[in-house]
Amino acid sequence: MTKTFFRWAPIAVACFAANAAQAQTVLQVSTWLPPSHGATVAQNQWCEAVEKGTSGSVKCNLLAKPVSAPPGTFDAVRDGLADVSYTVDGYTPGRFVFTQVAEFPFLGDSSTATTVAYQRIYDKYFAPLGEHRGVKTLAVFTHGPGIIFTVKQPVTSAAEAGKLKFRIGGGNINELSKLMGWNTTLKPATDSFELLSTGVMDGTFFPDESLQSMRLSMVKYATTFPGGLYNTSFVFMMNPAKYNSLKPEERAVIDKVSGEAAARLFAAGWDRTDAASRDIQKQTGVQRQMASAAFVDDVKAQQAALEDRWVAAAEGRGLKNARAVLAEFRAETQKLK
């Protein structure tokens, strides 16, 4: 009997290991930002929460390279090239409408204020209308307040901005720039170093943290705006087939650590790296100035038309009383300051 036991023991262990491996689900997770970037770190923190909450039955495999260039990430997750990732809604102009509300100027002075307010408005109004249909939306978030960064000269007015060439990331700021008469080119954030270092562009619109994450040491000037010149809306998402393949208790864990919980992870990461970048800018001599009241008024005058356009487009896609939703969003950001 003893000999029989030892003969079958290795087979039993192998079968147990095989069954354990089969019971574990591995999520293929992609990021197109550097490993140290706050958004990548937040995504990793979400993965850790999933693994802990499922007692290891669901884990993440953090891919060494992104499965797509940033503009193709949404479709890559939808089609199953990656199970989990995030992207900028404005990288595919015209595709999403409701998300543009989080990109308007003067919303808030931190990612946390705009992100948490945005997540709450998204859950209440936008998710039921299927804004990100094709993927399982895990969370939405924004970066910190948008700033004008330039290499060779400061920007003190709308007219001065009109004389320069800028990289932008899309969304409302793209449309606002057109109305302002500015010379802008829609390019992913990851192209910024080459565009600025070669002089193809004179500047870029970014939150503070991007000077470090994108290694933009050539930037010497920053023009800030109360509440930001713009924000950028992001979606953190999962392939729906992968989500539906999980056990009910595993999906429950995913749901628990997503939504506002995940949004706060991304926002905290952005605020932390924004603050660190501002400290570095002081040390490296980046000259910062707040936009004048006249500059702000010029932006507001053009933005008003864009908000009217957004209201019409959002109501055309089924959102009722879009102007009241915008007012509610702004009120929510003020409560979260």
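See the structure shown above.
To keep things clear, this report deals only with the structure shown in the data block. Treat the numbers as computed from the prediction; the structure is a model and nothing was measured.

1. Considering the pattern of salt bridges
- Throughout the structure, instances matching the rule amount to 16 salt bridges.
- D255 serves as the salt-bridge partner of K136, at 3.6 Å between the closest nitrogen and oxygen. With a gap of 119 residues between them, K136 in strand β4 (residues 136–142) and D255 in helix α10 (residues 248–257) connect regions that are remote in the sequence.
- For K136, a relative accessible area of 23% puts it in the partly exposed group.
- Given a relative accessible area of 40%, D255 falls into the partly exposed group.
- The shortest N-O distance in the salt bridge between R288 and D208 comes to 2.7 Å. Note that R288 is positioned in strand β11 (residues 287–290) and D208 in the loop between β8 (203–206) and α8 (210–213), a separation of 80 residues in sequence.

2. Re α10
- Within α10 the residues assigned to the buried category are E250, V253, I254 and V257. Buried residues of α10, viewed axially, fall in a sector of 100°; they line one side. Of the exposed residues in α10, those oriented more than 90 degrees away from the buried face are P248, E249 and K256.
- Looking at the buried residues of α10, the elements they touch are α2 (38–53), β2 (58–62), β4, β10 (233–238), α9 (240–245) and α11 (260–284).
- The positive-phi residue at the C-terminal boundary of α10 is G259, with phi of around 60°.

3. Observations concerning the environment of F329
- You can see F329 is positioned in helix α13 (residues 322–335).
- In this structure the C-alpha to C-alpha distance between F329 and G318, which are 11 residues apart in sequence, comes to 18 Å.

4. Notes on the pairing of strand β9 (residues 221–224)
- Where burial is concerned, the two faces of β9 agree: the one with Y221 and T223 and the one with A222 and T224 are both buried.
- Note: strand β5 (residues 147–150) against β9, 3 bridges, orientation antiparallel. If you follow F149 over to β9, its bridge partner there is A222.
- Pairing analysis gives 4 bridges linking β9 to β11, with the strands arranged parallel. The partner of T223 across the bridge, within β11, is Q289.

5. Let's talk about the sheet that holds strand β6 (residues 165–168)
- Across the sheet, 6 strands lie side by side as β7-β6-β8-β5-β9-β11; this open sheet has mixed pairing. Of all the strands in the sheet, just β7 (183–186) and β11 have a single pairing partner and so form its edges. Strand after strand, the sheet turns through a mean of 25° between neighbouring axes, direction not considered.
- Of the strands in this sheet, β6, β7 and β8 touch helix α6 (residues 172–180), which is tilted by about 160° from β6.

6. Considerations on the state of the cysteines
- Within the structure shown, the criterion is met by 1 disulfide.
- A sulfur-sulfur separation of 2.3 Å characterises the disulfide bridge that pairs C47 with C60. Torsion about the S-S bond of the C47 and C60 cystine: about -85°, corresponding to left-handed handedness. Of this pair, C47 sits in helix α2 while C60 sits in strand β2, and the two are 13 residues apart along the sequence.
- The exposure class assigned to C47 is buried, which follows from its relative accessible area of 6%.

7. Details of the packing of aromatic side chains
- Taken as a whole, this structure holds 21 aromatic pairs when the rule is applied.
- Arranged with centres 5.9 Å apart and planes meeting at 50°, the rings of W32 and Y91 form a pair that is tilted. Of this pair, W32 sits in the loop between β1 (25–29) and α2 while Y91 sits in the loop between β3 (84–88) and α4 (111–126), and the two are 59 residues apart along the sequence.
- The exposure class of W32 is buried, given its relative accessible area of 9%.
- On the basis of relative accessible area, Y91 is assigned to the buried category, the value being 10%.
- Taken together, the ring pairs connect W32, W46, Y86, Y91, F141, F234, F236, F266 and W270 into an aromatic cluster.

What counts and what doesn't
- Residues numbered from 1 in each chain as written.
- Predicted model: local features only at pLDDT ≥ 70, side-chain atom pairs only at ≥ 80, totals over all residues.
- Heavy atoms only, no water.
- Salt bridge = Lys/Arg side-chain N within 4 Å of Asp/Glu carboxyl O.
- Helix = DSSP H or I, 4+ residues; strand = E, 2+ residues; numbered from the N terminus.
- Buried < 20%, exposed > 50% of the residue type's maximum accessible area, 1.4 Å probe, protein only.
- Arc of directions from axis to C-beta.
- Contact = heavy atoms within 4.5 Å.
- Pairing = 2+ DSSP bridges.
- Axes fitted to C-alpha atoms, helices over the stretch in contact; angles between N-to-C directions.
- Disulfide = S-S within 2.5 Å.
- Phe/Tyr/Trp six-rings, centres within 6.5 Å; stacked < 30°, edge-to-face > 60°.

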